[in-house]
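# Chains, contacts and geometry: an overview
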Amino acid sequence: MAVGKDNTEVAAAVPMDKGGEILKPRTDKREYRRIVLKNSLQVLLISDPETDKHGGSTNAYTSTEDTNYHFDINTDSFDEALDRFAQFFIKPLMSADATMREIKAVDSGYVLVFLEYLFMLQVSSPLACYKLRVFCLSYWFTQLQKHLSREDHPYHKFSTGNMDTLHVQPEAKGIDTRSELIKFYDKHYSANIMHLVVYGKESLDKTQCLVERMFQEIRNTNKSVPRFPGQPCNQDHLQVLVKAVPIKQGHKLTVSWPVTPSIHHYEEAPCMYLGHLIGHEAEGSLFHALKHLGWATSLYAGEADWTMEYSFFDVSVNLTDAGHEHMQDIIGLLFRHIKLLQQSGVSQWIFDELSAISEAEFHYQAKIDPISYVVDLSSNMTIYPTKHWLVASSLPSKFNPAIVQKIMNQLSPSNVRIFWKSNNFEGQTDKVEPWYTTAYSFENITELTIQEWVKSAPDVKLILPTPNIFIPTDFSLKDVKNKETFPVLLRKTSFSRLWYKPDTKFFKPKAYVNIDFNCPLAFTSPEAAVLSNTFVWLLVDYLNEYAYYAQTAGLDYGLSISDNGFELYLVGFNHKLRILLEAVMQKIAKFEVKPDRFSVVKETMTKAYQNYKFQQPYQQALSYCSLVLQDNTWPWTEELDALSHLEAEDLASYVPMLLSRTFVECYIAGNVEKNEAESMVKYIEDVLFSGSKPISRPLFPSQFLTSRVVELGKGMRYFYHQEGSNPSDENSALVHYIQVHQDEFAMNSKLHLFSLIAKQATFHQLRTVEQLGYITSLSRSLKAGVYGVQFIIQSSVKGPGHIDSRVESLLKDLESKIYKISDEEFKSNVTTLIDMKLEKHKNLSDESYFYWEQIQNGTFKFNRRDEEVAALRELKKEELIDFFDEYIKVDAPKKKSLSICVYGSQHVKELASDKDEVASHFTEIQDIVGFRKSQPLYGSLKGWNQLKL
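Residues numbered from 1 in each chain as written. Predicted model: local features only at pLDDT ≥ 70, side-chain atom pairs only at ≥ 80, totals over all residues. Heavy atoms only, no water.

Another aspect to go through is the overall build of the protein chain. A count of helical and extended segments in the protein chain gives 30 helices and 25 strands. On C-alpha atoms alone, the protein chain measures out to a radius of gyration of 29 Å, which is about the 30 Å that the 2.2 N^0.38 rule sets for 949 residues. Taken over the C-alpha atoms alone, the protein chain extends approximately 75 × 70 × 65 Å along its principal axes. Here the protein chain, with 949 residues, has 57% of them falling under the buried criterion. Looking at the protein chain alone, contacts between residues at least 24 apart form 83% of all its contacts between residues at least 6 apart. As displayed, the protein chain offers around 39,200 Å² of accessible surface, 51% of which is attributable to carbon and sulfur atoms. Measuring between centres, the 101 positive side-chain charges of the protein chain sit 3 Å from its 119 negative side-chain charges. (Helix = DSSP H or I, 4+ residues; strand = E, 2+ residues; numbered from the N terminus. Rg over C-alpha atoms; globule rule 2.2 N^0.38 Å. Buried < 20%, exposed > 50% of the residue type's maximum accessible area, 1.4 Å probe, protein only. Contact = heavy atoms within 4.5 Å. Areas by Shrake-Rupley, 256 points an atom, 1.4 Å probe, with all protein chains shown as cover. Lys, Arg positive; Asp, Glu negative; His and termini not counted. Charge placed at Lys NZ, Arg CZ, Asp CG, Glu CD.)

Here you go:
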């Protein structure tokens, strides 16, 4: 069961209904009910008899306009947890020690999130840009935007908080933070401006009784929600060009306009309409022009950082080196494109397409985790009328050209803010943003200047998109005669293998297709790995103009490097999926290297590799761990060196060899009939293997690539010490990995049960008590069918050597916990783990990911959950103790451990002495690849020729 609660801090402009129907998806079988308690608390109740939740979690966040508290928990513990949750709002303790712990957590999170953002922003591939676009508007950059705004507006303030703002400064002024916290609670927390969502499997009536009994005592002091009217930018902050220096390699241009918040016209969707057209990527679009000029690698357009009172419309462009030199031309083309939209007028057919796509996605949306669902809905309740609590802004339905035109007119040179980020500006700035110390410069630009840029920009053809052929119109469900519980091997030839799983649970007109191309040459050397990766990046680049239409119509695809070669997935509405599949296969079959696009991709990949050094220390440690253990992997430094010497001709020679021998592993699931699945695979075979001079031939039996893992020595402790790659990062990190066994149900269950019991103790001891670092975790590790556990700790307080000794001490403490575990506690943990393993897949993608993992690992154990549950039910406490004694505890006879130590600037002086200490007692790994080549490997789990139809 899951609960979400909101405390609104800015007035909702959309009036709330006093009741009424809640619009829900046609395929949604859940029941909904709105009630209002006697204290004016508005509640949404959701009954879902099919839901299951095992284990639990709790969290909270504060956004621009509200604070959201939420938790989920086992059904049998829900009543007690709900009561405890309610009591926080009725009688919050807010003790002094808890206040200080939270200040430290906020401070650690401030540093951590900042660094995480810096890593993710630049390293991502083109495919990941869409998912990471939120990051592009966050943290240090957003704070720079805030800094350049009205000082008397709340938007200008520091949005995160840290030790200095929450403790040091207040203490210096004689202010007690806890007292201020209580004052804030008294001032802002009142039931009449709160919203509650409760989601469970019980009936609405039963849940309503619980809620009425537990939450009606929250005080209602009839607060009004604070209002902060007015735009945060005045004329001093408009018509400006800001140059900023990021930490990582790369150039980015963000053009921003303050606009009327589209939330006031969410059914007319003006910003959605404009974002769709300005951000389009098909032929004739702004991005298409910039891409083919060699100036841009990605573009995003849409509303950003919006509230009920103000909003910004942003266009963000990731630039190439050449694009950086043509900033003025890019701005000119952007305003020329906006002028085209103004002259073309607001098109009914384009709005109708957006409406049709949105309607299909809303009515056939997949279920998500209940906790995510209630968080979204509780936020929606503060903004939208009851009828649209589930819909929010996702269903544009009212065509109103005047409203769209109003926003379009606000995208003018007189209203613009231009933010230009590049490492090239280092040493050329004269200002510093106070919170993230971002170096920047500030200058005014006139409308006349921008008009000159428009005139001087290249003469390229900008046109509106054509009608989208990928919009689905057939939502019928296939008549599946055989209700297979698990995937079946439907077809097997020397060229391919097809696993098929029809949808028997979710009943959506969607399909999921995974295709792995097993290519023996893909990773034979660092150069081969880079060539394979470049091939995939260029495929995505070539497909973009066409496939973008599919992606906007709810049919996604992806191409990426896999363990054995490269992988294609397609997921979404099944109606037009075959068309997209054929287009991708034709691009593979007719692949050619275009020198201009090769140069752009090479430049983008080079920056991505160079930015690996800015990974957080724990990410570096995990990378080193994988490099030690996984065969056919190469250091990124070697791959970067190989990339620097590659030319277009090298790739043109390589790709035919890469594809000359391959085997195609396929998984097709969802609303697809058997004959359709077989036809798809037959088509792939015809493209690759048919004709007198086929592109590909079958693999020889000895050529099948399998991912294998180093088998560490029993009773051995291995260490690898390395200085962090970013000298300005003071954090250090440890990954303490314990390798246990190759896939086997009984052993899997013992390992999982141990990690469940030890997880909370690890977090409590190393983070809460010793406060070693914000990142502190214990988790299971699975590498190519080989299981283990790993402790991950990142710290600015202590070095890796000390942290590793604390992990060993923790393992000593766990001996007592495991040995003394009561029968009741043992059974409780077993029951919890069984519940976790039996938790249902939420949607087709969730289910398909699980089955595809079994295929890729070569285990084909599709009934894994049932078998591991059966093993758990037979497991005795004494067996868990024996397992711990044999594989996990300090000095266990079969224990195999690997400690990866990454030293930040704060602790690098300890590296030499730590290495000396280790060398006298344990095995120090000097050369990762050399060590890996000297060690035995676990046998492959894949039996390529053993499976029968």
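Still to come is the rest of the account.
Working note: regular strand, side chains alternate between the two faces of the sheet. Note: strand E22 (residues 775-783) against strand E23 (residues 786-795), nine bridges, orientation antiparallel. Bridged to Ile775 within E23 is Gln794. Connecting the antiparallel pair E22 and E23 is a turn made up of two residues, with Ala784 showing a positive phi of about 50°. (Pairing = 2+ DSSP bridges.)

A few words now on empty space enclosed by the protein. All chains considered together, the criterion is met by six cavities of 30 Å³ or more. Approximately 70 Å³ is the volume found for the second largest cavity. Looking at the second largest cavity, the residues that line it are His276, His280, Trp349, Ile350, Glu353, Leu354, Ile357, Pro465, Thr466, Asn468, Tyr549 and Thr552. Among the secondary structure elements, those contributing two or more residues to the lining of the second largest cavity are helix H12 (348-363) and helix H16 (526-552). (1 Å grid on protein atoms, 1.4 Å probe; cavity = no way out; pocket = protein on both sides within 12 Å on 5 of 7 lines; lining within 4 Å. Points joined across faces, edges and corners; volume = space filled by probe spheres on them.)

The sheet contact formed by strand E17 (residues 555-561) and strand E18 (residues 565-573) spans seven bridges and is antiparallel. If you follow Leu559 over to E18, its bridge partner there is Leu568. Remark: three residues form the turn of the hairpin made by E17 and E18, two consecutive strands paired antiparallel.

Now for helix H24 (residues 800-819). With 20 residues, H24 extends 29 Å between its outermost C-alpha atoms, agreeing within 8% with the 28 Å of an ideal straight helix rising 1.5 Å per residue. Every buried residue of H24 is accounted for by Pro800, Ile803, Asp804, Val807, Glu808, Leu810, Leu811, Leu814, Glu815 and Ile818. For H24, the elements touching its buried residues are strand E20 (716-723), strand E21 (732-742), helix H23 (745-769), E23, helix H28 (877-888) and strand E24 (896-903). (Expected span 1.5 Å × (residues − 1).)

Right, let's talk about helix H18 (residues 595-610) for a bit. In a regular helix each residue adds 1.5 Å, so 16 residues correspond to 22 Å; H18 covers 22 Å between its end C-alpha atoms and thus fits that length. Taken residue by residue, H18 has Arg597, Phe598, Val600, Val601, Lys602, Thr604, Met605, Thr606, Lys607, Ala608 and Tyr609 as its buried positions.

Moving on, we come to unusual backbone geometry. The backbone phi angle of Gln239 is positive, close to 55°, even though this residue is not glycine. Relative accessible area serves as the criterion here: at 17%, Gln239 is assigned to the buried category. In this structure, Ala784 takes a positive phi of about 50° despite not being glycine. Along the polypeptide, Ala784 turns up in the loop between E22 and E23.

This part takes up the sheet that holds strand E10 (residues 311-319). The seven strands are arranged E9-E10-E8-E11-E7-E13-E12 in an open sheet whose pairing can be described as mixed. Of all strands in the sheet, those bounded by a partner on one side alone are strand E9 (296-304) and strand E12 (431-432). Two strands pair when backbone bridges link them, and strand E7 (residues 240-244) and strand E11 (residues 417-422) are joined in this way by five bridges, in the parallel orientation. Each bridged residue has a counterpart across the sheet, and for Ala244 the counterpart in E11 is Lys421.

Taken together, the side chains of Glu527, Glu647, Glu649 and Asp650 make up a negatively charged region of the molecular surface. For Asp650, the location among the structural elements is in helix H21 (residues 648-660). Judged by relative accessible area, Asp650 falls into the partly exposed class, the value being 34%. (Patch = residues over 30% accessible without salt bridge, like charges linked within 9 Å, V, L, I, M, F, W, Y side chains within 5 Å. Salt bridge = Lys/Arg side-chain N within 4 Å of Asp/Glu carboxyl O.)

Below, the discussion takes up the nonpolar core. Phe517, Phe535, Tyr557, Leu559 and Leu651 are the most contacted members of the largest nonpolar core, which totals 71 residues. In terms of residue count, H16 provides more of this core than any other element does, 15 residues in total. Ranked by size, the runner-up nonpolar core spans 46 residues in total, among them Leu277, Leu299, Leu341 and Val346. (Core = buried A, V, L, I, M, F, W, Y, C linked by side-chain atoms within 4.5 Å.)

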